[in-house]
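# Summary of structural features
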There are 2 protein chains.
Amino acid sequence: MTEKIHPFDQALALTANTDGSFQGEITPAYANMVGPFGGVVSAAMLKAVTTHTQAVGVPGALTVNFVAPIAEAPFQITTRLVKTNRTNQHWLVELSQQGEIACTATVLMVVKREVWSDQELRMPSVAPAEELEAFQFPMGPTWLKQYEFKFINGALTLSGQALADSESMVWVRDAVSRPLDYLSLAACSDVFFPRSFVKTQTFGMAGTVSLTTYFHADEASLAEQGTDSILGVARGQRFAHGYFDQSAELWSKTGELLATSMQLVYYK
Amino acid sequence: MTEKIHPFDQALALTANTDGSFQGEITPAYANMVGPFGGVVSAAMLKAVTTHTQAVGVPGALTVNFVAPIAEAPFQITTRLVKTNRTNQHWLVELSQQGEIACTATVLMVVKREVWSDQELRMPSVAPAEELEAFQFPMGPTWLKQYEFKFINGALTLSGQALADSESMVWVRDAVSRPLDYLSLAACSDVFFPRSFVKTQTFGMAGTVSLTTYFHADEASLAEQGTDSILGVARGQRFAHGYFDQSAELWSKTGELLATSMQLVYYK
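Predicted model only: the values in this text are computed from it and were never measured. Per-chain numbering applies: the sequence of each chain, read as written, is numbered from 1 onward. Written order determines the labels here, with chains lettered from A and ligands numbered from 1. Given that this is a predicted model, residues contribute local features only at a pLDDT of at least 70 and side-chain atom pairs are listed and counted only at 80 or more, while totals for whole chains, interfaces and linings are drawn from all residues. To get the side-chain values, take all heavy atoms of the structure and skip hydrogens and water.

## A look at the overall build of chain A
Looking only at helices and strands, chain A features five helices and 13 strands. Relative to the globule expectation of 18 Å for 268 residues, the C-alpha radius of gyration of chain A, 18 Å, shows essentially globular dimensions. Seen along its three principal axes, the alpha-carbon backbone of chain A occupies a region of about 55 × 50 × 45 Å. Think of it in three bands: residues with accessible area under 20% of the maximum for their type are buried, residues over 50% are exposed, and the middle band is partly exposed, with areas taken using a 1.4 Å probe on protein chains only. Put simply, chain A has 268 residues, and 61% of those count as buried. Here the open area of atoms and residues is found with the Shrake-Rupley method and a 1.4 Å probe, where only the protein chains shown may cover a residue. Surface exposure of chain A reaches about 10,500 Å², of which carbon and sulfur atoms provide 52%. Between the mean site of the 18 positive side-chain charges and the mean site of the 26 negative ones, chain A shows a separation of 4 Å. Helical segments are the DSSP runs of H or I of at least four residues, strand segments are the runs of E of at least two, and each set is numbered from the N terminus. For a compact globule the rule gives 2.2 Å times the number of residues to the power 0.38, and the radius of gyration it is set against comes from C-alpha atoms. Residues scored as charged are limited to Lys and Arg (positive) and Asp and Glu (negative), so that His and the chain ends carry no count. Lys charges are placed at NZ, Arg charges at CZ, Asp charges at CG and Glu charges at CD.

Shown next as structure tokens:
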């Protein structure tokens, strides 16, 4: 009997080349409108570091720059360990297709230490995921099917009726159960539609150019979360001159801030 | 008669080497507790791109990773143009001292376009800078003297009496008048004390590890701002396991969101 590989892990399968680089290809299950879903690309960039033999600690920060369109085709990821310090490690990562760079990333790995702690940001008071219906998207790219979305507000109904603000609050988890880990948390930081779509309630032209995620969760909090829904909150702050910023929070079911994120998005 | 060079521009003086790299050295005026003020280092990383002959557009996003302590000594900055697209450009930047990398950055340059725009985030309602007294720090590193700070809340009094939250709102500008530009905006995104200091109202051990800034301002809004104070707002979101995130907003005097920023900070 063989255990079935989860679609997310299939998409993230990386093969080590003899020169230390990795070979991969995002599966069609995670196809976006053009190329693969950016969240799964980000997770692949991160995985090339976390599975590296020289990696120390757990993800602390991830910045992914989407340099060029990524084709639904094989890619190569190269990693470069810039520096290992006592409590962290800096990496540069590049994804290329046919010799052309399509994506760069910086990854900070951290060794978590027990010091004083505090959480200033509070989880919004919302109905629990169990009490809400899963949202059925009227249309959209394939990758949406890999997640279960339960919106509190800011769903994309494609009504064409513009909203005053672009905030979305949504319970989200893998459609096929999978325990939360750093890779899926990285992917979830990009699980929100571009705020310009939500604001205008139409599909427009938009694409993430740069995405930064900070990971606050440790292994214990990920284990506690398990396969349950996390609460995602995303907001647009300013839309100007063809670029807007989107800030996001990812919350555990018990109100722990698992990750915070921000991205700059090209829009028309 | 020669015009006196502003301290900020003195600190950011870069000399082009024949191999395309730059030579620089942050002046003692911007000394921090260890090495130079991170904001001016970030500005130097950005300047190596904006003054590059191949640069197109204006700064859109800047992520700076502080890899190792930077000495108050000469440094070399190398830039690599990863890709020029129709409306943006991706750069990788490295700062090294004596052959060792101390800092890496990714820079996104953007060509601003006129499309629909909206600002969802609203400037906090605060007293104008003219009505407030400049804050006199009881002690602190040299770089503080290069700015004028007028706090609305969250000043660092070193009372040792812990605050419930770490929010600061502060009007800030160069102590010696200088019109705002992208470089000084980049520096100002790091002008806030670590939130752990504000929270505990003591100097502790803390250092920025990764800093991301998105620039929303265009040349016209920078020109309109001129030499007046901008309003900085900074908040800590979660302090855990030795790292906390600090989100920041930089506002023009007229309520325009000039830049948004987030950083991950090591603390004890």
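## Looking at the environment of Leu81 of chain B
With respect to the helices and strands, Leu81 of chain B occurs in strand β4 (residues 75-84). When checking whether two residues touch, look at their non-hydrogen atoms; a contact exists if any pair is within 4.5 Å. Ignoring any residue separated from it by four or fewer positions in sequence, one finds Leu81 of chain B in contact with Gln54, Gln89, His90 and Trp91 of chain B.

## Structural notes on the interface of chain B and chain A
On the side of chain A, 65 residues touch chain B, which itself brings 65 residues to the contact. Contact with chain A buries surface across chain B, with Trp116, Arg238 and His241 of chain B losing the most and accounting together for 15% of the total. We count a salt bridge whenever a side-chain nitrogen from Lys or Arg sits within 4 Å of a carboxyl oxygen from Asp or Glu. Between chain B and chain A we count eight salt bridges in total. Between Lys199 of chain B and Glu120 of chain A there is a salt bridge, with its nearest N and O atoms 2.7 Å apart. Put simply, buried area is how much 1.4 Å-probe accessible surface two parts lose in total, over both of them, once they are put together.

## Some thoughts on the confidence of the model for chain A
Each residue gets a pLDDT score, which is the predictor's confidence in that residue and runs from 0 to 100. Taken residue by residue, chain A gives an average pLDDT of 96. The fraction at 70 or more is 99%. For this predicted complex, the interface score ipTM comes out at 0.97, while the overall pTM is 0.97.

## Some words on helix α2 (residues 38-50) of chain A
A helix is expected to span 1.5 Å for every residue after the first. If you check α2 of chain A, its first and last C-alpha atoms are 18 Å apart, about what 13 residues at 1.5 Å a residue would give, namely 18 Å. Looking at α2 of chain A, one finds that the buried residues are Gly38, Gly39, Val40, Val41, Ser42, Ala43, Ala44, Met45, Leu46, Lys47, Ala48 and Val49 of chain A.

## So, the side chain of Arg195 of chain A
Residue and element names in this part refer to chain A. In this fold, Arg195 is placed in helix α4 (residues 195-200). The charged side chain of Arg195 is buried without a salt bridge, its nearest counter-charge being Asp165 at 7.4 Å. Leave out the neighbours within four places in its chain, and Arg195 touches Ser166, Glu167, Ser168, Ala234, Arg235, Gly236, Phe239, Phe244 and Gln246.

## A short note on the pairing of strand β13 (residues 257-267) of chain A
Residue and element names in this part refer to chain A. Burial within β13 is extensive, with 11 of its 11 residues counted as buried. The sheet contact formed by strand β10 (residues 206-215) and β13 spans nine bridges and is antiparallel. Counted as the bridge partner of Phe215 is Ala259 from β13. A pair of strands counts as paired when DSSP detects no fewer than two bridges linking them. The pairing of strand β12 (residues 243-251) with β13 spans nine bridges and is classified as antiparallel. Bridge pairing links Phe244 to Val265 in β13.

## Let's talk about the relation of the copies chain B and chain A
In superposing the copies, a least-squares fit is computed on C-alpha atoms, taking residues whose pLDDT is at least 70 in both. With an RMSD of 0.0 Å, the operation that places chain B on chain A is a rotation of 180° combined with a shift of 0.0 Å along the axis. Each copy turns onto its partner about a two-fold axis. Residue by residue, 100% of the interface of chain B is reproduced at the interface of chain A, so both copies engage with the same surface.

## A look at the packing of aromatic side chains
Each aromatic pair joins two rings of Phe, Tyr and Trp (for Trp, the six-membered one) with centres within 6.5 Å, and gets the label stacked for planes under 30 degrees apart, edge-to-face for over 60, and tilted for any other angle. Tallied over the entire structure, the rule returns 45 aromatic pairs over all chains. Between Phe135 of chain A and Phe151 of chain A the ring centres are 5.2 Å apart and the planes differ by 75°, which places this aromatic pair in the edge-to-face class. Highlighted residues: Phe135 of chain A in the loop between β7 (118-119) and β8 (147-153) and Phe151 of chain A in strand β8, separated in sequence by 16 residues. Of the residues examined, Phe151 of chain A reaches a relative accessible area of 17% and is grouped as buried. Measuring from centroid to centroid gives 3.9 Å for Phe37 of chain B and Trp143 of chain B, while their planes differ by 5°, and the two rings are stacked. Of this pair, Phe37 of chain B sits in the loop between β2 (22-24) and α2 (38-50) while Trp143 of chain B sits in the loop between β7 (118-119) and β8 (147-153), placing them 106 residues apart in sequence. Through a chain of ring-to-ring contacts, the aromatic side chains of Phe37, Phe135, Phe137, Trp143, Tyr147, Phe149, Phe151, Phe193, Phe197 and Phe203 of chain A assemble into a single cluster.

## Digging into the environment of Gln263 of chain A
Tracing the backbone through its elements, the reader meets Gln263 of chain A in strand β13. Remark: the alpha-carbon pair of Gln263 of chain A and Trp116 of chain A, spanning 147 residues in sequence, is separated by 29 Å. With residues near it in sequence (within four places) discarded, Gln263 of chain A still touches Ser189, Asp190, Thr208, Ser210, Leu211, Phe244, Asp245 and Gln246 of chain A together with Tyr214 of chain B. Identification of polar contacts relies on pairs of N or O atoms within 3.5 Å, with a donor-acceptor requirement for protein atoms, meaning one able to donate a hydrogen and the other able to accept it, and with residues adjacent in sequence counted only if both atoms are side-chain atoms. Polar contacts involving the side chain of Gln263 of chain A include one to the side chain of Asp190 of chain A, which spans 2.9 Å.

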